[in-house]
Amino acid sequence: MVDRSDPIAFNSPESPKGVGIHGMEVYFPRFAVRQTELEKFMGASEGKFTIGLGQQNMAFVNDLEDINSVCMTAVANLLEKYNIAPTDIGRLEVGTETIIDKSKSVKTTLVQIFNEHGNFDIEGVDNINACYGGTAALLNTMAWVESSAWDGRYAVVVAGDIAVYEEGPARPTGGCAAVAMLIGRDAPIVLQTVRSSHFEDAYDFYKPNLSSEYPTVFGQESNVCYLRALDGCYRRFAEKWEAVNRKKLTMDEWNHVVLHSPYNKLVKKSGARMVYNDFIRDHNLPIFKKQEKDLQKFQHLMPEETYDDRELEKAFTEIARPMYKDKVEPSVLLPQELGNSYTASMYTGLLSLIHNWHKPKPMGAQVDTEAQSIGKKVLMFSYGSGLAATLFSFSITGPTGHIAAAANLEERLEERKFLSPQEFTTTLTDRETKYGKFDWSPSSDTTALFPGTYYLKQVDAHGRRSYARVPVSPFRRTINYGASAFHSRMGGR
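Moving on: the environment of Gly 174. You can see Gly 174 is positioned in the loop between β6 (154-163) and β7 (175-184). The class of Gly 174 is buried, set by a relative accessible area of 1%. Remark: the alpha-carbon pair of Gly 174 and Ile 128, spanning 46 residues in sequence, is separated by 18 Å. With residues up to four places along the chain from it excluded, the contact list for Gly 174 reads Met 58, Ala 163, Tyr 165, Leu 338, Gly 339 and Asn 340.

Moving on, we come to the packing of helix α7 (residues 219-245) against helix α8 (residues 264-281). Remark: α7 packs on α8, axes separated minimally by 10 Å, with the N-to-C direction vectors making an angle of 45 degrees. Taken together, α7 and α8 sit at an angle that is classed as oblique. Crossing hand, α7 versus α8: right-handed. Contacts between α7 and α8 involve Asn 223, Tyr 226, Leu 227, Leu 230, Asp 231, Tyr 234, Ala 238 and Glu 242 from the former and Leu 266, Ser 270, Arg 273, Met 274, Asn 277, Asp 278 and Arg 281 from the latter. Classifying every residue of the contact of α7 with α8 by side-chain character gives seven nonpolar, three polar and five charged.

Within this structure, the stated rule accounts for 18 aromatic pairs. Ring centres of Phe 205 and Tyr 342 lie 5.6 Å apart, and the angle between their planes is 80 degrees; this geometry places the pair in the edge-to-face category. Residue Phe 205 is found in strand β10 (residues 205-206), and its partner Tyr 342 is found in the loop between α12 (333-338) and α13 (345-358); the two are separated by 137 residues along the sequence. Tyr 342 carries the same exposure label as Phe 205, and that label is buried. An aromatic cluster is defined as three or more aromatic residues linked by ring pairs; in this entry it consists of Tyr 276, Phe 279, Phe 288, Phe 298 and Phe 316. Above the face of the Phe 418 ring, Arg 34 is positioned so that its terminal group lies 3.8 Å from the ring centre.

Per the counting criterion, the structure on display carries 23 salt bridges. In this structure, the salt-bridge partner of Lys 81 is Glu 25, at a minimum N-O distance of 3.1 Å. Linking Lys 81 in helix α3 (residues 67-81) with Glu 25 in strand β1 (residues 20-27), this pair joins segments that are 56 residues apart in sequence. Between Glu 97 and Lys 207 there is a salt bridge, and its shortest N-O distance comes to 2.9 Å. Of this pair, Glu 97 sits in the loop between β4 (89-95) and α4 (107-110) while Lys 207 is found in the loop between β10 and β11 (216-217), placing the two residues 110 residues apart along the sequence. Residue classification places Glu 97 among the buried positions, given a relative accessible area of 6%. Salt bridges sharing common partners tie together Glu 25, Lys 81 and Arg 412.

Below, the discussion takes up the pairing of β7. Among the ten residues that make up β7, ten are buried, leaving the element largely enclosed by the rest of the structure. Burial along β7 is two-sided: Gly 175, Ala 177, Val 179, Met 181 and Ile 183 and Cys 176, Ala 178, Ala 180, Leu 182 and Gly 184, pointing in opposite directions, are all buried. Pairing of β1 with β7 involves seven bridges; the strand directions are antiparallel. Each residue of the ladder has a partner; that of Glu 25, found in β7, is Ala 180. Sheet topology note: the β6/β7 ladder contains nine bridges and is antiparallel. In the strand pairing of β7, Val 157 is matched with Met 181.

In a regular helix each residue adds 1.5 Å, so 14 residues correspond to 20 Å; helix α6 (residues 133-146) covers 20 Å between its end C-alpha atoms and thus fits that length. For α6, the buried fraction is high: eleven of the 14 residues fall into the buried class. Those residues of α6 that sit buried are Gly 133, Gly 134, Thr 135, Ala 136, Ala 137, Leu 138, Leu 139, Thr 141, Met 142, Trp 144 and Val 145.

Quick look at the sheet that holds strand β3 (residues 57-59) now. Pairing between the strands of a sheet is mediated by backbone hydrogen bonds and can be parallel or antiparallel. Pairing within the open sheet is mixed, and its three strands lie in the order β3-β2-β15. Of all the strands in the sheet, the pair left with one neighbour each is β3 and β15 (417-418). Where strand β2 (residues 31-34) meets β3, three bridges bridge the pair, whose relative direction is antiparallel. Note that in β3 the partner of Arg 34 across the bridge is Asn 57.

Take the side chain of Arg 416 next. Along the chain, the position of Arg 416 falls in the loop between α16 (409-414) and β15. Residue classification places Arg 416 among the buried positions, given a relative accessible area of 11%. Within the local environment of Arg 416, its side chain forms a polar contact with the side chain of Glu 337, the two groups lying 2.7 Å apart. When near neighbours in sequence (up to four residues on either side) are disregarded, Arg 416 contacts Phe 28, Pro 29, Arg 30, Ala 32, Asn 57, Glu 337, Leu 338 and Phe 450.

On to the packing of α8 against helix α10 (residues 310-319). Direction vectors running N to C along α8 and α10 enclose 95 degrees, while the axes themselves pass 8 Å from each other. One element, α8, and the other, α10, form an angle in the roughly perpendicular class. Listed contacts from α10 to Lys 269, Ala 272, Arg 273, Val 275, Tyr 276 and Phe 279 of α8 are Leu 312, Glu 313, Phe 316, Thr 317 and Ile 319. Classifying every residue of the contact of α8 with α10 by side-chain character gives seven nonpolar, one polar and three charged.

Take the confidence of the model for the protein next. Residues of the protein with pLDDT of at least 70 account for 93%, and the chain-wide mean is 92. The low-confidence segment residues 1-10 (pLDDT under 50) makes eleven contacts with residues lying over four places distant or belonging to another chain.

On to the pairing of strand β13 (residues 377-384). Note on strand geometry: in a regular strand, side chains alternate between the two faces of the sheet. Of all eight residues in β13, seven are buried, a share of seventy percent or more. Where β13 and strand β14 (residues 388-396) come together, eight bridges link them in antiparallel fashion. When the bridges of β14 are listed, Met 380 appears paired with Phe 392. Following β13, the chain reverses through three residues before pairing antiparallel with β14; Gly 386 in that reversal takes a positive phi of roughly 120 degrees.

Take the environment of Glu 313 next. Mapped onto the elements, Glu 313 comes out in helix α10. Each C-alpha atom, one on Glu 313 and one on Lys 269, is 7.4 Å from the other, the two residues being 44 residues apart in sequence.

Parameters and conventions
Residues numbered from 1 in each chain as written. Predicted model: local features only at pLDDT ≥ 70, side-chain atom pairs only at ≥ 80, totals over all residues. Heavy atoms only, no water. Helix = DSSP H or I, 4+ residues; strand = E, 2+ residues; numbered from the N terminus. Buried < 20%, exposed > 50% of the residue type's maximum accessible area, 1.4 Å probe, protein only. Contact = heavy atoms within 4.5 Å. Axes fitted to C-alpha atoms, helices over the stretch in contact; angles between N-to-C directions. Parallel < 35°, antiparallel > 145°, perpendicular 65-115°, else oblique. Left-handed = near helix turned anticlockwise from the far one by under 90°. Nonpolar A, V, L, I, M, F, W, Y, C, P; charged D, E, K, R; others polar. Phe/Tyr/Trp six-rings, centres within 6.5 Å; stacked < 30°, edge-to-face > 60°. Lys NZ or Arg CZ within 6 Å of the ring centre and 35° of its normal. Salt bridge = Lys/Arg side-chain N within 4 Å of Asp/Glu carboxyl O. Pairing = 2+ DSSP bridges. Expected span 1.5 Å × (residues − 1). Polar contact = N/O pair within 3.5 Å; in protein donor to acceptor, adjacent residues only side chain to side chain. pLDDT = per-residue confidence, 0-100.

The following block contains the structure:
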């Protein structure tokens, strides 16, 4: 058995082969609803969803899109934008909890993109556990790229979900997105070797009704599960990290923190909770000196006693406010704009962070954004109900401006079409009537979709699904990444 206190067992902070993320692409649907309008429509008090949940808008799909089409769009756009040949992909893994078939994986639908180009040799299937499946897919895939089984080709991971809730208080916490990631060696975003996990048997959020898209949710219990998993991961991560680095770990170590985001208010609480974990480990850190007397009453509390302690939460939220603004807030653009995308949520946060690094600066400012981002360290917390959680980190070792340029987030967000809360509700009711049904075709207008979007053409009498694609815009932004970066073919290990 490995002695985890032995630094020799964990003597390298990152993959010696630089395994990580080369590129990212997000797909989100064209349709969205404003949370301010949803507050009025649902009879909620002003600010309940925008301040209370911390959300701005919510993405949703009509009957033209399902999880297969959403993920196909993300994967196809990634390959096309980065000029990557489908034959240059050796592994494709999917993370999702949006299930439309109890046997056939989403991945086996996505492979049609590769089969059309003669690529049938492509490993990987789906990973399922609530919002955690995307991280499972990513860690599995990175292990393949680092292993002796790697065949020299890139890999693709896609994390995506359609999050919908029945009428009631949880409905504003829905959303939709898929993030596709290009994985390989010598990447600019490198996975670090230290990570920790927390798994429990819990029923905080689950989907036992196979005839419905809607989950069973115990909201407050789920929040506690999330924070308890964060506590466990952070404590174990610190022990492992300190064994490698031979110094104390605090939140000062990280330039940024990206957290799984069911809604932004929980992200804020989680940032404060991480600062509280530093307090548990060392009451005398400089960050706590100013409030030393006020914090004394919290010193002897057991962490499991504090999940409903509003006074403690308020105290550490205030202490963590500068940390949140500098380290966490740069990653919240897409989660606030699109809503909860389950497995994609944390990765929309990472893409938001990269966008933030490279977005245009004030008029006249001369800033080398690549130089500013290289060397940054990003802590990632992934959570899925049921429950599964992992804390891990990336180091930025190379340019990431191409990722921001290809994603082109601000322009694409501006091109969304906002529908009324009534139209949103009608759309979900229509999805309810068609979920699990056979022998039907969508009735919605394909011209309203974004260019390049895959859509459902038909579900036949046997439940078989067929798809088509809206033509790609000739003006879409692309980068010539494939030809220059694909450096390690079959023999170049």
